[in-house]
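Secondary and tertiary structure notes
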Amino acid sequence: MLNELMRRTRSFRRFQEEKRIAPEILSELIELAGLAGSARNLQPWRYMICRHKHHCRQIFPHLGWAGYLPEWPGPEQGERPAAYILCLLDTDICRNGDIDLGIASQNILLGAMAHGIGGCRIASISAALGQELQLPARLELQLVIALGYPAEEVIIVEPEERQDIRYWHGPAHDHYVPKRPLADILLPLPLS
Ligand SMILES: Cc1cc2nc3c(=O)[nH]c(=O)nc-3n(C[C@H](O)[C@H](O)[C@H](O)COP(=O)(O)O)c2cc1C
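The rules behind the values
Within every chain, residues take consecutive numbers counted from 1 along the sequence as written. Owing to the predicted nature of the model, reporting of local features is limited to residues with pLDDT of at least 70; listing and counting of side-chain atom pairs is limited to 80 or more, with chain, interface and lining totals taken over all residues. A helix here means a DSSP run of H or I that spans at least four residues, while a strand means a run of E at least two residues long, and both kinds are numbered starting from the N terminus. Domains are outlined according to an automatic or database domain assignment. In this description, any two residues whose backbone-derived C-beta atoms lie within 7 Å of each other are considered to be in contact. When residues are grouped by polarity, Ala, Val, Leu, Ile, Met, Phe, Trp, Tyr, Cys and Pro land in nonpolar, Asp, Glu, Lys and Arg in charged, and all others, Gly among them, in polar. Note on pairing: DSSP must find at least two bridges between two strands before they are called paired. What makes a residue near a molecule or strand is its C-beta atom, placed from the backbone, lying within 6 Å of it. Here an angle of 0 to 180 degrees is reported between the N-to-C directions of two axes, which are lines fitted to C-alpha atoms, with helices fitted over the stretch in contact. Throughout, a crossing is termed right-handed when the near helix is turned clockwise from the far one, and left-handed when it is turned anticlockwise from it by less than a right angle. Here the expected span of a helix is defined as 1.5 Å times the quantity of residues minus one. Buried, partly exposed and exposed are defined by the number of other C-beta atoms within 10 Å of a residue's own C-beta, namely 20 or more, between the two limits, and 12 or fewer respectively, with C-beta atoms placed from the backbone. The arc refers to the directions leading from the helix axis to the C-beta atoms.

**Here we look at the environment of L2**
One can find L2 in helix α1 (residues 2-8). For the pair L2 and L110, spaced 108 residues apart in the sequence, the C-alpha separation amounts to 9.2 Å.

Okay, structure coming up:
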């Protein structure tokens, strides 16, 4: 069951924008993030929830979508995220929390998918967003997680050519994401 949830927990970039996400679900996702493993248990990540339409409209233009699809400007109106979780590093606690954030953000995405909600991590964020939010100097905005009920199907495939891991859009609101096969990622242990 967990295995199936992990397979379904993909990056979604097109959503049913009008179907809003209950605030209790969003708080629950932050609780799940807070349960994640943390180096030295420092727990340096802070989170902000953005769920009101007018706030979501302010966040959207600051995000970079799908670098492998340069012709695609990102989700069109009506298919934009219904909420965002902003992930901020408290640099008074530590300077680098990347691995912690990887774990915490996966908890968020898994917890969301358990409710049928899709998400996408967005690290491509314009510097202007941090300024617009007038964050205290110690908080660094490093990741935005876009969330919404999916309006696309995401399908895992094997890379067509061995090294080509670029995802693509199919004709019918489908998105194909190549994952390297087990034989490529599992290496023999070089010990005698
Ligand atoms: C740390 C990190 C940063 C990412 N940043 C972006 C981003 O800025 N924009 C975007 O559209 N997708 C972003 N993604 C999503 C990846 O493109 C996605 O994980 C990848 O295509 C594989 O798809 P999957 O998540 O369904 O396995 C990011 C993913 C990770 C883990």
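**A few points about the domain arrangement of the chain**
With domains assigned, the chain is organised as domain 1 (2-151) and domain 2 (155-192). Counting residues at the interface gives six residues for domain 1, matched by five residues for domain 2. In terms of residue class, the side of domain 1 that touches domain 2 is made up of four nonpolar, no polar and two charged.

**Structural notes on the sheet that holds strand β7 (residues 174-178)**
In a beta sheet, neighbouring strands pair by backbone hydrogen bonds and run either parallel or antiparallel. An order of β5-β7-β6 is seen for the three strands of this open sheet, with the pairing classed as mixed. The strands lining the two open edges of the sheet, one partner per strand, are β5 (153-157) and β6 (168-169). Pairing between β6 and β7: two bridges, direction antiparallel. By the bridge assignment, H169 is partnered in β7 with H175.

**Describing the site of the ligand**
Lining the immediate environment of the ligand, one finds 14 residues, of which R10, S11, R121, A123 and S124 sit closest. Examining the composition of the shell around the ligand, we find that three residues originate from one element, strand β3 (residues 118-122), more than from any other.

**A word on the packing of helix α2 (residues 23-34) against helix α4 (residues 98-114)**
To characterise two packed helices, one gives the angle between the axes of the helices and the distance between these axes. Across the interface, α2 lies against α4 with an axial gap of 8 Å and an inter-helix angle of 140 degrees. Judged by the twist between their axes, the crossing of α2 over α4 is right-handed. Note on element contacts: α4 touches α2 through A104, N107, I108, G111 and A112, opposite E28, L29, L32 and A33. The class makeup of the residues in the contact of α2 with α4 is six nonpolar, two polar and one charged.

**Section: α4**
When the terminal C-alpha atoms of α4 are compared, their 24 Å separation across 17 residues agrees well with the 24 Å that a helix rising 1.5 Å per residue should span. For α4, the set of buried residues is D100, L101, A104, S105, I108, L109, G111 and A112. For α4, the angular spread of buried residues about the axis comes to 165 degrees, placing them on one side. Contact partners of the buried residues in α4: α2, β1 (45-50), β2 (83-90), β3 and β4 (139-148). A positive backbone phi angle near 80 degrees is found at G116, which sits one or two residues after α4.

**A closer look at the pairing of β5**
Along any regular strand the residues' side chains alternate between the sheet's two faces. Within β5, only zero of the five residues are buried, leaving the element largely exposed. Relative to β7, β5 runs parallel, the two sharing five bridges. Residue pairing for β7: V154 is matched across the bridge by H175.

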